[in-house]
Amino acid sequence: ALHRDQFQQIDNAAGTKVMDIDIQSFMDTVKDLSFFLQSDDGLKPAMQNILIGPKGCYGFDHAAGAATNLYRSDHPFILPPATRSHMAKFSGKWDLFLGNGWVKFEQGEQFYRRNCPDFNGVEQSVEHCHSIIATAAKQTPLASFEVARIAPAIARAVLIGASNVEIQGSGEKITLSCNNHQTGAVLEEVIPADGSKFKTAMS
C-alpha cells in the first residue's frame, strides 16, 4: 500500500495542463454531447467517449453526432463516460490535466484522476469530424442534415484506416462501405435518410 504522501507525489505531479474550466458549465456541455453515445459499436474506444481537440468537442454514435467549439485543447484527448457522472457532482473552477492514458481534474489540493482510452487515432478523428461538420454548415438545410448524419460513419472509416470509402443515398437510407486493404478491416453502415439520392466515393 502507498502512503498518502507517495500517492500524491505519483499522481499529482505529472501530466500536461490542457484546459481551465468551470466544471458545471463544462459538464453541461459534455452532457449535451453524451446524448449521442448510447451504444457500443465495438470498433474503437473513442466511439463511446467525447473527443476534445484544438477546434472543439465532439460526440458521435452511429447515425448521430454533435460538435461544439466552446471548449478546446491543443492536445487532443478522450473524456471517458465514467468521468462525466462523477465530476458533474462538483462545482467551481478546475484545471484539467492530460497524461499518458489518463485525465485529471484538479482544484487546489484536491484532484480526481481517471484512466482513459489512449490510441493514435484521436487527433485525426477530431480533425476529420471538424472538417465534415464545418462543410455541412455551408450546405442547404436538407444537405446539412444528411451530412451531419454521415459524419460519424466517415470518422469511423478514418479510425480503421480505410483506403476507399463509398457512400450511396437511396432516399430512405444511406449506405457507407469501406475497407482497409492492409489489415483486412471492413466497415459497412446503413444510416436512416430523409430523401437524398446520391453516390460518391473517396480515397
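First, a word on what this report is: a plain description of the structure on this page.

Glancing now at the sheet that holds strand β9 (residues 164-170). Strand order in this open sheet of 4 strands is β11-β10-β9-β12, and the pairing throughout is antiparallel. Only two strands of the sheet have a single neighbouring strand rather than two, namely β11 (185-192) and β12 (197-202). Mean inter-strand twist for the sheet, computed between neighbouring axes without regard to direction, equals 5°. Relative to β11, strand β10 (residues 173-180) is paired through 8 bridges, and the arrangement is antiparallel. Residue Ile-174 lies in a different strand from β11, and its bridge partner there is Ile-191.

Under the defined criterion, the tally for this structure stands at 2 aromatic pairs. The interplanar angle of 85° and the centroid separation of 5.0 Å between the aromatic rings of Phe-26 and Tyr-71 together place this pair among those described as edge-to-face. Pair noted here: Phe-26 is in helix α2 (residues 23-34) and Tyr-71 is in the loop between β4 (64-68) and β5 (77-79), with a separation of 45 residues, a long-range link. By the burial criterion, Phe-26 is buried, and Tyr-71 matches it. Look at Phe-90 and Trp-94: their rings are 5.5 Å apart centre to centre, the planes differ by 80°, and that puts the pair in the edge-to-face class. Looking at Phe-90, the relative accessible area reads 28%, which means it is partly exposed. Look at Trp-94 and you get buried, because its relative accessible area is 2%. For Lys-104, the ring lying beneath its charged end belongs to Phe-97, and the centroid distance is 4.6 Å.

A few words on the pattern of salt bridges. Scanning the model with the defined rule gives 4 salt bridges in all. Between Asp-20 and Lys-17 there is a salt bridge, and its shortest N-O distance comes to 2.9 Å. Relative accessible area serves as the criterion here: at 57%, Asp-20 is assigned to the exposed category. For Lys-17, a relative accessible area of 43% corresponds to the partly exposed category.

Following the sequence through the fold, Ile-154 ends up in helix α5 (residues 141-159). Looking at Ile-154, the relative accessible area reads 12%, which means it is buried.

On to the side chain of Glu-189. Mapped onto the fold, Glu-189 is located in strand β11. A residue is classified by how much of its surface remains accessible, and Glu-189, at 10% relative accessible area, is buried. Of note is the side chain of Glu-189, whose polar atom sits 2.7 Å from the side chain of Arg-156.

Scoring rules and cut-offs
The residue numbering used here restarts from 1 in each chain and proceeds along that chain's sequence as written. Totals for whole chains, interfaces and linings use every residue, but because this is a predicted model, local features are given only for residues with pLDDT of at least 70 and side-chain atom pairs only at 80 or more, for both listing and counting. Hydrogens and waters are ignored; side-chain quantities use all the structure's heavy atoms. Criterion used throughout: strands pair if DSSP finds at least two bridges between them. To qualify as a helix, a DSSP run of H or I must reach at least 4 residues; to qualify as a strand, a run of E must reach at least 2; elements of each kind are numbered from the N terminus. Only the stretch in contact is used when a helix axis is fitted, and all axes are lines through C-alpha atoms; the angle between N-to-C directions ranges over 0 to 180 degrees. Planes of paired rings set the category: under 30 degrees apart is stacked, over 60 is edge-to-face and the rest tilted, where pairs are Phe, Tyr or Trp rings (Trp by its six-membered ring) whose centres lie within 6.5 Å. Think of it in three bands: residues with accessible area under 20% of the maximum for their type are buried, residues over 50% are exposed, and the middle band is partly exposed, with areas taken using a 1.4 Å probe on protein chains only. Any Lys NZ or Arg CZ that is within 6 Å of a ring centre and within 35 degrees of that ring's normal is treated as a charge sitting over the ring. Each salt bridge in this description consists of a side-chain nitrogen of Lys or Arg and a carboxyl oxygen of Asp or Glu lying within 4 Å of one another. Between N or O atoms, a polar contact is any pair within 3.5 Å; within protein, one atom must be a potential hydrogen donor and the other a potential acceptor, and residues adjacent in sequence are included only when both atoms are from side chains.

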